[in-house]
Amino acid sequence: MSGRIELKTREQMRVMARAGVIVERALAAARAACVPGARTADVDAAAAAVIAEAGATSNFLGYHGFPATTCVSVNEEVVHGIPGDRVLAAGDLVSVDCGAVVEGWHGDSAITVIVGGDASRQDRALVAATDRALWAGIAALATADRISDVSAAIEEVADEARLHPIDGYVGHGIGTQMHQAPDVPNYRTRGRSPRVRPGMCLALEPMLVIGTDESAILNDEWTVVSVDGSRAAHWEHSVAVHEDGIWVLTAADGGASRLAEHGVVPVAP
Ligand code: MG
Ligand code: MG
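Residues numbered from 1 in each chain as written. Chains lettered and ligands numbered in written order. Predicted model: local features only at pLDDT ≥ 70, side-chain atom pairs only at ≥ 80, totals over all residues. Heavy atoms only, no water.

Visitor: Sorry if this is basic, but what is going on with the coordination of the magnesium ion (ligand 1) here?
Guide: Ideal geometry at a metal centre gives angles of 109.5 degrees when four donors are arranged tetrahedrally and 90 or 180 degrees when six donors are arranged octahedrally. The coordination sphere of the magnesium ion (ligand 1), as far as protein atoms go, consists of Asp-97 (OD), Asp-97 (OD), Asp-108 (OD) and Glu-236 (OE), spread over 2.0 to 2.5 Å. Sequence positions of the donors to the magnesium ion (ligand 1) reduce to the motif D-x10-D-x127-E. The metal-metal distance between the magnesium ion (ligand 1) and the magnesium ion (ligand 2) is 3.1 Å, with Asp-108 coordinating both. Placement of Asp-108 in strand E4 (residues 105-114) and of Glu-236 in the loop between strand E12 (232-234) and strand E13 (237-242) is noted, with a sequence separation of 128 residues between them. (Donors = N, O, S within 2.8 Å, 3.2 Å for Na, K, Ca; no water. Helix = DSSP H or I, 4+ residues; strand = E, 2+ residues; numbered from the N terminus.)

Visitor: Please clarify how the state of the cysteines should be interpreted in this entry.
Guide: Working definition of a disulfide: a covalent bond connecting the sulfur atoms of two cysteines. The final tally for this structure, using the stated rule, is 0 disulfides. Cys-71 forms no disulfide, and the closest cysteine sulfur to it belongs to Cys-98, at a distance of 9.2 Å. Residue Cys-71 is classed as buried on the basis of its relative accessible area, which comes to 5%. The class of Cys-98 is buried, set by a relative accessible area of 0%. (Disulfide = S-S within 2.5 Å. Buried < 20%, exposed > 50% of the residue type's maximum accessible area, 1.4 Å probe, protein only.)

Visitor: What am I meant to see in the environment of Arg-132 here?
Guide: The residue Arg-132 is located in helix H3 (residues 121-141) in this model. For the pair formed by Arg-132 and Gly-199, sequence separation is 67 residues and the distance between their alpha carbons is 25 Å.

Here it is as structure tokens:
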């Protein structure tokens, strides 16, 4: 996505953090609903209930006609899966992507859950490495000169794990809209990327697959699948950059527990 980068005040970031923690809670409910025998629509309903109870609204519902509050993508589905009657089985990898809006400010976050808690070693490694790639990217953002420093940190973890970022799907700016400039690629790209500046809020979201980085869109016109059928994982957080540091907006602790191993201490806006 190109265009002007919207810079937020710290006060605006604090409103985004309110949206963000609602998303975190919605995803916790969605995670709890990812049990063998549940339908993907049940996972969606669990998240939707949290957003409604909090008095927030969904930014996914109705987005270019999207019919649900979450994207629920199973196994070879990478992102943008539509929740429905599909029944989850033990060992499925379920990526749940969710967002919420408070006073016009957006939050966006995603998790990948292993249904029933157990999966093949390869699948567990995929989920763990994608999560690690996200936090490496967030940690890099704390000292990044340019967005490309974040992309490189994400790709480095993918490379080490011999996984591949899906080509063409990237993170993004977030604020008064869910998707804004600048793009935040999950891989190194040619050319100069924007400088990281105080006031930026960015959604980082590595989407890694075991096999080829090529994807296709199903006939439902939403669901993105890996072309070779290999499994995918997706983790996402929305992060604010301000004069004194970074803060993970979609985590109640600002990301402190996960950034400690990177030597980064988040600072509330
Ligand atoms: Mg998302
Ligand atoms: Mg996003």
